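# Close look at the chain arrangement
The lines below spell out each chain.
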Amino acid sequence: KAEAMMKHLALNGGNFIRVFLIGRTSMNPGISGDPAYDINDERYYYEGLYKPYMENVTDFLRLAQKYGIYVMLALGDGEVPSNAYYLALQGGQALGRNGMYFTENGINARKIYASNVAKYLKNYASDCINAVLSVELQNEFCVYGEQAPFNMTSGNWTSADGKKYDMSNPDAREEAYKNGVTYYINTVTAAIKEILPDMLVNEGTFTRNIVGNNDAYGIPASSSGDARYPATLDTYLSTDIDFIDLHIYFAAVKGNTVLSSFTDDLTYMNFYKKTTQNLLKKKCILMGEFGPDMRNFPTY
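Residues numbered from 1 in each chain as written. Predicted model: local features only at pLDDT ≥ 70, side-chain atom pairs only at ≥ 80, totals over all residues. Heavy atoms only, no water.

### Remarks on the nonpolar core
Ranked by size, the top nonpolar core spans 71 residues in total, and within it Leu21, Leu49 and Tyr113 carry the most contacts. Other than its neighbours up to four places away in sequence, leucine 21 contacts Ile31, Tyr53, Val57, Leu73, Ala74, Leu75, Gly76, Tyr113 and Val117. (Core = buried A, V, L, I, M, F, W, Y, C linked by side-chain atoms within 4.5 Å. Buried < 20%, exposed > 50% of the residue type's maximum accessible area, 1.4 Å probe, protein only. Contact = heavy atoms within 4.5 Å.)

Listed below in structure tokens is the structure:
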């Protein structure tokens, strides 16, 4: 089925596919592997990556290369494989999304996961690595307002890079968010490029507008709606990634047109900001997803 899809895509002028490296449940263990197997058994695992799954990834890349198609490999959605190897790196307890971005254990787990994927590609997929357009750090990055440290409304918080922030001060909270995002993204990006210096690395994101969080300065500790806060484009572009994968959806707000929704998507992600426009002279935005919010189209 994969080859038939690629052949059809190539015949119709397509040259790009975006896929996830994933496996987060017992029903779909994927890259995490089978809990019945010993994580240290090299017949089944390579640095905590399930070998049969990674062999399928390699086969997929060889097919893509055969048909002249480039593949973006997304490292899941902010998690690491759900097995003992990566659980130990998290400190013995599975971390939430913010825990992955803002704690030493979480950043280290994500860094090692990214590094291990890069090592596998280098060691076992060298013949088809040119089919990889980029490694995407995750599908859609976002900070959660109801999770630590942003659920704190008082006191000081010390970040993974050793800096302290007064969580009662909106300016300090904003600085904590920007510096934390930058430190996390740069750390994981460096881990990939240490193994594959020429590999493009990107980050995926949706917009603040689609989740109704246009006024997100300081990442509010509580929210009456969606608690997800993606970083703004200038923050992403100021990191060491090579480009952004932006996901645009028509926001379900009364009176919106496609144009007004799209304009708000860009405005509240700081697209029109002078800093962002200057950064875009060196880095680009790829729109990896787009579509309508089905609440606006009840008869579809």
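### As for the environment of tyrosine 113
Take tyrosine 113: it is sitting in helix H5 (residues 104–124). If we ignore the near neighbours within four places in the chain, the residues touching tyrosine 113 are Leu21, Ile31, Leu49, Leu75, Glu79, Val80, Pro81 and Tyr86. (Helix = DSSP H or I, 4+ residues; strand = E, 2+ residues; numbered from the N terminus.)

### Digging into the sheet that holds strand S1 (residues 16–20)
Taken together, six strands build an open sheet; the order of strands is S1-S4-S5-S9-S11-S12 and the sheet is parallel. Edge positions in the sheet fall to S1 and strand S12 (284–292), since each of these pairs with one other strand and no more. For this sheet the average axis-to-axis angle between neighbouring strands, irrespective of direction, equals 25 degrees. Across the sheet, helix H2 (residues 51–66) is in contact with S1, strand S4 (70–74) and strand S5 (132–136); its angle to S4 comes to roughly 155 degrees. (Pairing = 2+ DSSP bridges. Axes fitted to C-alpha atoms, helices over the stretch in contact; angles between N-to-C directions.)

### So, the packing of helix H1 (residues 2–11) against H2
Interhelical geometry of H1 versus H2 gives an angle of 25 degrees and a closest axis separation of 10 Å. Judged by the inter-axis angle, H1 sits roughly parallel to H2. Note that H1 runs across H2; the crossing there is right-handed. Contact residues: Ala2, Glu3 and Met6 in H1; Phe60, Leu63, Ala64 and Lys66 in H2. Residue classes in the contact of H1 with H2 are distributed as five nonpolar, no polar and two charged. (Parallel < 35°, antiparallel > 145°, perpendicular 65-115°, else oblique. Left-handed = near helix turned anticlockwise from the far one by under 90°. Nonpolar A, V, L, I, M, F, W, Y, C, P; charged D, E, K, R; others polar.)

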